[in-house]
Amino acid sequence: MLTQGMSETLSIVGAGRVGRALGRQLHGLGWRIGAVTGRSLPTARAAVRAIGAGYPAGTLTRQVLDSTVILITTPDDVIESVAKRLAQIGGEEWCGKVVLHTSGANDSSVLKPLADLGAATGSMHPMQTFGNQRPPELAGRIFGIDGGPIALKAARKMIRQIGGVAVRLSGANKAAYHAAGSFACAHVLALMETAVRLLMAQGFTRRQAIRALLPLTRQTLDNFESVGPRPAWTGPMARGDYSTVQRHVKALADFPPEYLAAYEALSRLKAVVLSSQPAATLRQLDRAFRSGPKGRNK
Ligand SMILES: NC(=O)c1ccc[n+]([C@@H]2O[C@H](COP(=O)([O-])OP(=O)(O)OC[C@H]3O[C@@H](n4cnc5c(N)ncnc54)[C@H](OP(=O)(O)O)[C@@H]3O)[C@@H](O)[C@H]2O)c1
């Protein structure tokens, strides 16, 4: 267990983007890295190189148990089976270990096979995107945490050392917490790419389209941060310009159907989360979309 003055040791199961990034940071902060397990030895070796420490393993072995803290950074779908396999490997030796996973969509109950053997289980999910590029900055980032008291204490300690901020998740459904991240990250990416493609259909090069759109998005996000959602809201719906919305609806009929479906869904979402009069705004949208391509045959 992590106690004051005891040297921290960490094993990592899942040698991908998050495992490498957290392993590298924690190693830099003085943690000793034990087994780094991937699905193959070459992946594990590459992760050890990226972390700068650890023992590569191409399959789960007892070496994992040499550490006080075990971080599971596999894809969400295999965490439960990894926990079951680890339980078989260690048996009662799990008593006194801390096991944390980094999934945002699963809570700590997915580690029940290890908790049943006495391990302190929890999760620490960085609200951060880890691409294949350089590991991202983690200082100042929020980590959603859940689990039992000992696991929470260990997670808080790691997060504090990294310079992050731990927030204890108290909602009944952790997947909703994770869906928030999807809205703010990958959904934004899809929206930006859609906007770029619309401009390219008007003769812009990709470079020009990105140059036109990114300042708009950045300014909107800056405004959102500085003045809040409603004052930051601009555009035809914010002005009550529903004839312009109708023109958008007609124009989008020339593109893949998902463009118009997303435009309609997002317009309705704006009515619910941005408008001061959601019901009236939704009625206006009903009229605008009835006059659009779907409604023309009605
Ligand atoms: N990426 C993000 O932006 C992000 C952000 C916050 C949290 N997370 C969470 O962090 C976790 C890891 O995500 P990631 O993006 O780092 O995934 P990733 O890059 O795909 O890495 C997952 C690693 O787990 C390995 N793996 C798969 N099955 C395994 C098994 N049965 N035993 C041992 N290792 C196994 C994979 O091996 P191979 O290389 O051989 O496939 C891969 O190296 C997920 O729970 C995810 O939800 C991700």
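Residues numbered from 1 in each chain as written. Predicted model: local features only at pLDDT ≥ 70, side-chain atom pairs only at ≥ 80, totals over all residues.

**Considerations on the overall build of the chain**
The test is simple: Each helix corresponds to a stretch of at least 4 residues labelled H or I by DSSP, and each strand to a stretch of at least 2 residues labelled E; elements are numbered beginning at the N terminus. Exposure is read from a count of other C-beta atoms within 10 Å of each residue's own; the residue is exposed at 12 or fewer, buried at 20 or more and partly exposed in between. C-beta atoms are placed from the backbone. For the purpose of contact definition, each residue receives a C-beta atom placed from its backbone, and two residues are in contact when these atoms lie within 7 Å.
Helix and strand counts for the chain come out as 13 helices and 8 strands. Here the chain, with 298 residues, has 31% of them falling under the buried criterion. Partitioning the contacts of the chain with sequence separation of at least 6, the portion at a separation of at least 24 is 55%.

**Looking at the site of the ligand**
What counts here: Working rule for contacts: place C-beta from the backbone, and if it is within 6 Å of a molecule or strand, that residue counts as near it. Throughout this entry, Asp, Glu, Lys and Arg are counted as charged residues, while Ala, Val, Leu, Ile, Met, Phe, Trp, Tyr, Cys and Pro are counted as nonpolar. The remaining residues, Gly among them, count as polar.
Within the structure, the ligand sits among 26 residues, and Gly14, Gly16, Val18, Arg39 and Ser103 are positioned closest to it. Listing elements by their share of the shell around the ligand, those giving two or more residues are helix 1 (17-28) and strand 6 (120-126). Taken together, the residues of the shell around the ligand break down into 8 nonpolar, 15 polar and 3 charged.

**What about the pairing of strand 1 (residues 9-13)?**
Put simply, the test is: The rule for pairing is simple: two strands pair if DSSP sees at least two bridges between them. Look down the strands so they point away from you; if going from the first strand over the helix to the second traces a clockwise path, that crossover is right-handed.
Extensive coverage of strand 1 is indicated by the burial of 4 of its 5 residues. Pairing between strand 1 and strand 2 (residues 32-37): 4 bridges, direction parallel. Each residue of the ladder has a partner; that of Leu10, found in strand 2, is Ile33. Handedness of the strand 1-helix 1-strand 2 crossover: right-handed. Where strand 1 meets strand 4 (residues 69-72), 4 bridges bridge the pair, whose relative direction is parallel.

**Remarks on the packing of helix 12 (residues 257-273) against helix 13 (residues 278-290)**
The criterion, for reference: Every angle, taken between N-to-C directions, lies between 0 and 180 degrees, and every axis is a line fitted to C-alpha atoms, over only the stretch in contact when it is a helix. We call two directions roughly parallel when the angle between them is under 35 degrees, roughly antiparallel when it is over 145, roughly perpendicular when it lies between 65 and 115, and oblique otherwise. Each crossing gets its hand from how the near helix is turned against the far one by less than a right angle, where anticlockwise is left-handed and clockwise is right-handed.
Relative to each other, helix 12 and helix 13 sit at 160°, their axes nearing to 8 Å. On the basis of their axis angle, the class for helix 12 and helix 13 is roughly antiparallel. Here helix 12 and helix 13 pass one another in a crossing that is right-handed. Counting all contacts with helix 12, which are made through Glu264, Ser267, Arg268, Ala271 and Val272, the residues of helix 13 involved are Pro278, Thr281, Leu282, Leu285 and Phe289. Here the contact of helix 12 with helix 13 is built from residues that sort into 6 nonpolar, 2 polar and 2 charged.

**A few points about the sheet that holds strand 5 (residues 98-101)**
With mixed pairing, the 8 strands of this open sheet are ordered in space as 3-2-1-4-5-6-7-8. Of all the strands in the sheet, just strand 3 (55-57) and strand 8 (165-168) have a single pairing partner and so form its edges. The mean angle between the axes of side-by-side strands here comes to 25°, regardless of whether they run parallel or antiparallel. Two elements, strand 6 and strand 7 (residues 142-147), share 5 bridges in a ladder whose sense is antiparallel. Paired with Met124 across the two strands is Ile145, which belongs to strand 7.

**Points about the domain arrangement of the chain**
Note the cut-off: Domain borders in the structure are assigned automatically or taken from a domain database.
Under the domain assignment used here, the chain contains domain 1 (9-171) and domain 2 (183-290). Here the C-alpha centre of domain 2 lies 39 Å away from the C-alpha centre of domain 1.

**Side note on the nonpolar core**
Across soluble globular proteins, nonpolar side chains show a tendency to be buried alongside one another. Selection rule: Throughout this description, the term nonpolar core refers to a group of buried Ala, Val, Leu, Ile, Met, Phe, Trp, Tyr and Cys residues whose C-beta atoms join them within 7 Å.
With 46 residues, the main nonpolar core has Val36, Leu71, Val99, Leu100, Leu114 and Ala155 as its most contacted residues. Tallying contributions element by element places helix 5 (residues 149-162) first for this core, with 7 residues. If near-sequence neighbours (up to four positions away) are discounted, Val99 is found in contact with Ile70, Ile72, Leu111, Leu114, Ala119 and Thr121. Counting residues in each nonpolar core, the second largest holds 7 residues, with Met237, Leu252, Leu260 and Leu285 among its members.

**Remarks on the environment of Pro126**
Take Pro126: it is sitting in strand 6. Residue classification places Pro126 among the buried positions, given that 21 C-beta atoms sit within 10 Å. The spatial distance from the C-alpha of Pro126 to the C-alpha of Gln161 is 14 Å, given a sequence separation of 35 residues. Here Pro126 is in contact with Thr102, Leu138, Arg141, Phe143 and Gly164, once residues within four sequence places are set aside.

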